Amino acid sequence: GIIHCHHQGPNPIKYKQRLSARVLAVVPGQTTVVHLTLLPHLLDWTSHATALHSVGIGDRLDGEVVDFVARFGVRFRCSTRAEPGKKSKKSAAQIAGFCPMPRLADKE
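Reference entry: report on the structure contained in this document. Predicted model, so just to flag it, every value in this text is computed and none were measured.

Attention shifts here to the overall build of the protein chain. Looking only at helices and strands, the protein chain features 2 helices and 6 strands. Secondary structure elements of the protein chain occur, N-terminal to C-terminal, as β-β-β-α-β-β-β-α. Looking at the protein chain as a whole, 10% of its 108 residues qualify as buried. Taking the intrachain contacts of the protein chain between residues at least 6 apart in sequence as the baseline, contacts between residues at least 24 apart amount to 36%. Approximately 9900 Å² of the protein chain is accessible, and the part contributed by carbon and sulfur atoms is 56%.

Let us now look at the sheet that holds strand E5 (residues 73-80). Strand pairing in a sheet takes place through backbone hydrogen bonds and is either antiparallel or parallel in direction. If you trace the 3 strands from one edge of the open sheet to the other, you get E4-E5-E6, paired in antiparallel fashion. Two strands lie at the open edges of the sheet, namely strand E4 (61-69) and strand E6 (94-100), each paired on one side alone. Shown here is a sheet whose adjacent strand axes are inclined to one another by a mean of 25°, direction ignored. Where E4 and E5 come together, 8 bridges link them in antiparallel fashion. Considered in E5, the bridge of Val69 is made with Gly73.

Now for the sheet that holds strand E3 (residues 33-37). Read from one edge of the open sheet, 3 strands run E1-E3-E2, paired in mixed fashion. What marks the edges here is a single partner per strand, and that holds for strand E1 (2-3) and strand E2 (22-27). With 2 bridges joining them, E1 and E3 adopt parallel strand pairing. In the sheet register, Ile2 faces E3, and the bridge partner there is His35.

What follows concerns a nonpolar patch on the surface. Together, Val69, Phe72 and Phe98 give the surface a local cluster of nonpolar side chains, amounting to about 320 Å² of exposed area. Residue position: Phe72 is located in the loop between E4 and E5.

Rules behind the numbers
Residues numbered from 1 in each chain as written. Predicted model: local features only at pLDDT ≥ 70, side-chain atom pairs only at ≥ 80, totals over all residues. Heavy atoms only, no water. Helix = DSSP H or I, 4+ residues; strand = E, 2+ residues; numbered from the N terminus. Buried < 20%, exposed > 50% of the residue type's maximum accessible area, 1.4 Å probe, protein only. Contact = heavy atoms within 4.5 Å. Areas by Shrake-Rupley, 256 points an atom, 1.4 Å probe, with all protein chains shown as cover. Pairing = 2+ DSSP bridges. Axes fitted to C-alpha atoms, helices over the stretch in contact; angles between N-to-C directions. Patch = residues over 30% accessible without salt bridge, like charges linked within 9 Å, V, L, I, M, F, W, Y side chains within 5 Å. Salt bridge = Lys/Arg side-chain N within 4 Å of Asp/Glu carboxyl O.

Encoded structure:
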């Protein structure tokens, strides 16, 4: 992978130095590019693990817009949907969501 220029951290990197990095982005294409970051997390994801694991892949969520930043996108406060005709024993999970600007724009 490539260490993203804004995520290299304060210390210089030496040739053949072993590093621990997190995946920042994966850019698909003929040659897939993986951008890495050396910076620490800004959020403590362990405190949100229960809510994140309570939602399955393909589950539909209801979202409420928190804010919109023109060049970046929209942040949402999401909760699990109650399926019509089904009684859920689980309480609704509250999850933070984000939709990038290119996904919001209509191409036509």
